[in-house]
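Structural features, examined
Take a look at the letters that make up each chain.
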Amino acid sequence: MEHHANLVPWQLVAKSVGAELRFIPIKSDGTLDLVEARKLIDSKTALVAVTHSSNVLGTINPVGELVQLAHKVGARILIDGAQSVPHMPINLRELNPDFYAFSAHKMLGPTGIGVLYGNPEILNDMEPYMTGGEMIREVFLDHATWNSLPHKFEAGTPAIAEAVSLTAAVKYLEAIGMDRIAQYDHHLTMHALEKLSAENDLEIYGPRTQRGAVISFNVPGIHPHDMAALLDREGVAIRAGHHCCQPLMRWLGVQATARASFYLYNTLDDIDALVSAVRSARAILA
Ligand SMILES: Cc1ncc(COP(=O)(O)O)c(C=O)c1O
């Protein structure tokens, strides 16, 4: 269920270091198969890379348990929090992952910037992967020494305007309260799930409980791009496509899905508008 962003990098790394990629299977309800995960994560595992919340299925993965499974065998774990950080409170001290990544543009912030948290002990042990201004302490003709964290990994002139905007977004979300946002998103998602499930012949992907604020669906015989175009005409913006999850599309047996997603600016009326626009699109395309 990984976004390509948390798959393709590991394909390149595996190729360059001769590592093997292994995949935790998904159960038919769209959740990870933890029985298989316990078998797959073993003494040969170097890194577990997993999404906290799926951008297609909405599945919220049991990352706490996966952190423990990884650490038990001496592996590192990286969690893709692009879909979780905007929608729920996350306590990295409690969760204790080695790496945790998220994107500003999914949390009311700007494009082109994100955050990669790394455990300082590991980061201190790592060599820089990129060179440029600010990442050095001293440079000699034949060698250089590295600046302290985080500068060691922030080579060159940073995206200053984006970082300032991301800070504003974080402060805005924190002022509202991540607990409140999580509750509200859940309320909207459950309402939408109930309404969409009542529609005939609408296939909804992903688990029914424990899910994030996205609902992917298809109507047999209607291409999701057509659905999205007609919804757009009614002022309802959804996304259609493979959502950067082509292996997951293959697993679902579809080329693409339509996907509605919700955030703190949405209302129950928006969901009613979505359901009614889906109905009119079906009537037109039938
Ligand atoms: C789960 C998930 N991971 C990773 C990404 C990639 O984020 P970015 O485009 O900021 O690299 C996205 C969204 O595009 C996502 O939904």
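Residues numbered from 1 in each chain as written. Predicted model: local features only at pLDDT ≥ 70, side-chain atom pairs only at ≥ 80, totals over all residues. Heavy atoms only, no water.

**Thoughts on the site of the ligand**
In the vicinity of the ligand, the contacting residues are His3, Ala5, Thr51, Asn55, Asp80, Ala82, Gln83, Ser103, His105 and Lys106. Contact distances for the ligand include 2.8 Å between an oxygen atom and a side-chain N or O atom of Gln83. In this structure, Lys106 approaches the ligand through a side-chain N or O atom, which is 3.1 Å from an oxygen atom. In the complex, 73% of the free accessible area of the ligand, which totals 400 Å², lies under the protein chains. Of the residues that constitute the shell around the ligand, the class distribution is 2 nonpolar, 6 polar and 2 charged. (Near = heavy atom within 4 Å. Polar contact = N/O pair within 3.5 Å; in protein donor to acceptor, adjacent residues only side chain to side chain. Areas by Shrake-Rupley, 256 points an atom, 1.4 Å probe, with all protein chains shown as cover. Nonpolar A, V, L, I, M, F, W, Y, C, P; charged D, E, K, R; others polar.)

**Quick notes on the domain arrangement of the protein chain**
When the domains of the protein chain are assigned, the result is domain 1 (4–176) and domain 2 (178–285). For domain 1 and domain 2, the distance between their C-alpha centres works out to 28 Å. Listed by partner, the interface residues are 28 residues for domain 1 and 30 residues for domain 2. Carbon and sulfur atoms make up 64% of the surface buried where domain 1 meets domain 2, a total of about 2,300 Å² over both sides. Linking domain 1 with domain 2 are 0 salt bridges. At the junction of domain 1 with domain 2, the criterion picks out 12 residue pairs in polar contact (both at pLDDT 80 or more). (Domains from an automatic or database assignment. Contact = heavy atoms within 4.5 Å. Buried area = accessible area lost by both parts, 1.4 Å probe. Salt bridge = Lys/Arg side-chain N within 4 Å of Asp/Glu carboxyl O.)

**Re the nonpolar core**
Membership of the largest hydrophobic core comes to 36 residues, with the highest contact counts inside it found for Leu66, Ile77, Ile79 and Leu248. Contributing elements (two or more residues each) for this core: helix 2 (34–40), strand 1 (47–51), helix 3 (63–72), strand 2 (76–80), strand 3 (99–103), helix 6 (160–176), helix 7 (178–197) and helix 9 (246–252). When residues in this core are grouped by element, the largest group, 5 residues, is from helix 3. Mapped onto the domain boundaries, this core takes at least three residues apiece from domain 1 (4–176) and domain 2 (178–285). (Core = buried A, V, L, I, M, F, W, Y, C linked by side-chain atoms within 4.5 Å. Buried < 20%, exposed > 50% of the residue type's maximum accessible area, 1.4 Å probe, protein only. Helix = DSSP H or I, 4+ residues; strand = E, 2+ residues; numbered from the N terminus.)

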